[in-house]
Amino acid sequence: MTTVGYETLGRVARVTMNRPRSRNAQSRKLLRELDEAFAAAVDDPEVRVIVLDGEGKDFSAGHDLGTPEFVEEEKHRPRRGRSEVEKSFGYSWQQFLDMSLRWRDIPKPTIAQVHGWCIFGGWIIASAMDLVVASDDAKFLTNLLQYFTLPWDVGARKAKEILFDNHPISAAEAKDLGFVNHVWPREELEGRTLELANRIASNATFLLRQFKLSINQMQDAAGFRSAVQAAHANYHLTEIHNKLREQERIAKGGEPRTARRLEAVERILNKEGDDGTADR
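Note that the structure is predicted; figures quoted are calculated from it, not measured. (Residues numbered from 1 in each chain as written. Predicted model: local features only at pLDDT ≥ 70, side-chain atom pairs only at ≥ 80, totals over all residues. Heavy atoms only, no water.)

(A) Quick look at the environment of Glu84. Turning to its location among the elements, Glu84 is positioned in helix H3 (residues 84–104). Judged by its relative accessible area of 53%, Glu84 falls in the exposed class. When the C-alpha atoms of Glu84 and Gln247 are compared, they prove to be 15 Å apart, with 163 residues separating the residues in sequence. (Helix = DSSP H or I, 4+ residues; strand = E, 2+ residues; numbered from the N terminus. Buried < 20%, exposed > 50% of the residue type's maximum accessible area, 1.4 Å probe, protein only.)

(B) Inspection of the pattern of salt bridges at higher detail. Going through the model one piece at a time under the given rule, you end up with 13 salt bridges. Note that Arg19 and Glu69 form a salt bridge whose closest N and O atoms lie 3.5 Å from each other. Linking Arg19 in the loop between strand S2 (12–17) and helix H1 (28–43) with Glu69 in helix H2 (residues 68–75), this pair joins segments that are 50 residues apart in sequence. A relative accessible area of 8% places Arg19 in the buried class. As a salt-bridge pair, Arg102 and Asp35 come within 2.9 Å of each other at their nearest N and O atoms. Placement of Arg102 in helix H3 and of Asp35 in helix H1 is noted, with a sequence separation of 67 residues between them. (Salt bridge = Lys/Arg side-chain N within 4 Å of Asp/Glu carboxyl O.)

(C) Examining the sheet that holds strand S6 (residues 131–135) more closely. Here we have six strands laid out as an open sheet, ordered S1-S2-S3-S4-S6-S9, and mixed in their pairing. At either end of the open sheet lies a strand with only one pairing partner, and these are strand S1 (4–9) and strand S9 (182–184). Here the strands of the sheet are splayed against their neighbours by 20 degrees on average, with no regard to which way each runs. With six bridges joining them, S1 and S2 adopt antiparallel strand pairing. Looking across to S2, one finds that Glu7 is bridged to Arg14. (Pairing = 2+ DSSP bridges. Axes fitted to C-alpha atoms, helices over the stretch in contact; angles between N-to-C directions.)

(D) Structural context of the side chain of Ser127. Here Ser127 lies in helix H4 (residues 121–128). Given a relative accessible area of 10%, Ser127 falls into the buried group. Once residues within four sequence positions are removed from consideration, Ser127 is found in contact with Tyr147, Thr149, Asp153 and Phe179. (Contact = heavy atoms within 4.5 Å.)

(E) Structural detail: the sheet that holds strand S5 (residues 117–119). Taken in spatial order, the three strands of this open sheet run S5-S7-S8, and their pairing is mixed. Every interior strand has two partners, whereas the edge strands, S5 and strand S8 (169–170), have only one. Relative to S8, strand S7 (residues 139–141) runs antiparallel, the two being bridged by two bridges. Within S8, the position partnered with Lys139 by the bridge is Ser170. Packed onto the sheet, H4 meets S5, S7 and S8 and runs at close to 95 degrees relative to S5.

(F) Representation of the packing of aromatic side chains in the model. Within the structure shown, the criterion is met by seven aromatic pairs. Ring centres of Tyr91 and Phe96 lie 6.4 Å apart, and the angle between their planes is 85 degrees; on these two criteria the pair is classed as edge-to-face. Of the residues examined, Tyr91 reaches a relative accessible area of 13% and is grouped as buried. Phe96 sits in the buried class, given a relative accessible area of 7%. Considering the side-chain rings of Trp152 and Phe224, the 5.3 Å spacing of their centres and the 70 degrees angle between planes classify their relative orientation as edge-to-face. On the criterion of sequence distance, the pair formed by Trp152 in helix H5 (residues 150–154) and Phe224 in helix H10 (residues 224–251) is long-range, its members being 72 residues apart. Under the relative-accessibility criterion, Phe224 is labelled buried at 3%. Cation over ring: Lys139 sits above Trp117, and NZ or CZ is 4.9 Å from the ring centre. (Phe/Tyr/Trp six-rings, centres within 6.5 Å; stacked < 30°, edge-to-face > 60°. Lys NZ or Arg CZ within 6 Å of the ring centre and 35° of its normal.)

(G) Just the packing of H1 against H3, in detail. Where H1 meets H3, the axes come as close as 11 Å, and the angle between the chain directions of the two elements is 25 degrees. Our classification of the angle between H1 and H3 gives roughly parallel. The two elements H1 and H3 cross, and the hand of that crossing is left-handed. In this structure, H1 contributes Arg28, Leu31, Leu34, Asp35 and Phe38 to the contact, and H3 contributes Tyr91, Gln95, Phe96, Met99, Arg102 and Trp103. Partitioning the contact of H1 with H3 into residue classes produces seven nonpolar, one polar and three charged. (Parallel < 35°, antiparallel > 145°, perpendicular 65-115°, else oblique. Left-handed = near helix turned anticlockwise from the far one by under 90°. Nonpolar A, V, L, I, M, F, W, Y, C, P; charged D, E, K, R; others polar.)

See below:
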């Protein structure tokens, strides 16, 4: 693996997104290697808890919208389907929905250790983990995403407010919303996370698995999985809408949406005009 780091620290496995130059933007390769790392942790009988973090300045700047590695990778990406909509839907379902649901159901406790920015695709990965801990300087940004668990994470009314008034969410606000479990000073984040992971790992593996399974089954009985899968279609409807608007804009001499999204994300990451418009 070249985009993901993996190490074991006693009973804890640490999985690290390792694309610091692109602020851990999620390429197809990174997602695939994350899946491999999680599978390795599941298969290791000594590992009881998995911690996910990000190398460099930020946890994750979200979906990779155009790094050189991503562009080259996309040239060789197999797409199944006859139409562009079918191909895009299938790829998104496999890479973001199926994969995230699989990570949510990992039979061992998982902890997202967030620092810096956690944007869009970064939120997807964090929300698929069992617990989220954050540094006091962490900032979050979400939207209607391929793996849409927001109403389950923060409640229906708060989810509506976050989407209607889309703005960066501080670590403290994320904790108040119930999305984040703990907020610690940046310099203490790694140590405190490992302390928590090791306390959890002191429990028997089978008990931890049954605790997690019982809560996930409760959510599924309440409609979690069906609702998340249904929301994926709503996400793609918005994408089709955005592409049609882009065609109209280009016909009038405007800039392609991808370029505008890149510019908006860079503006957010550089703390200039945190207006939450990168994916709109």
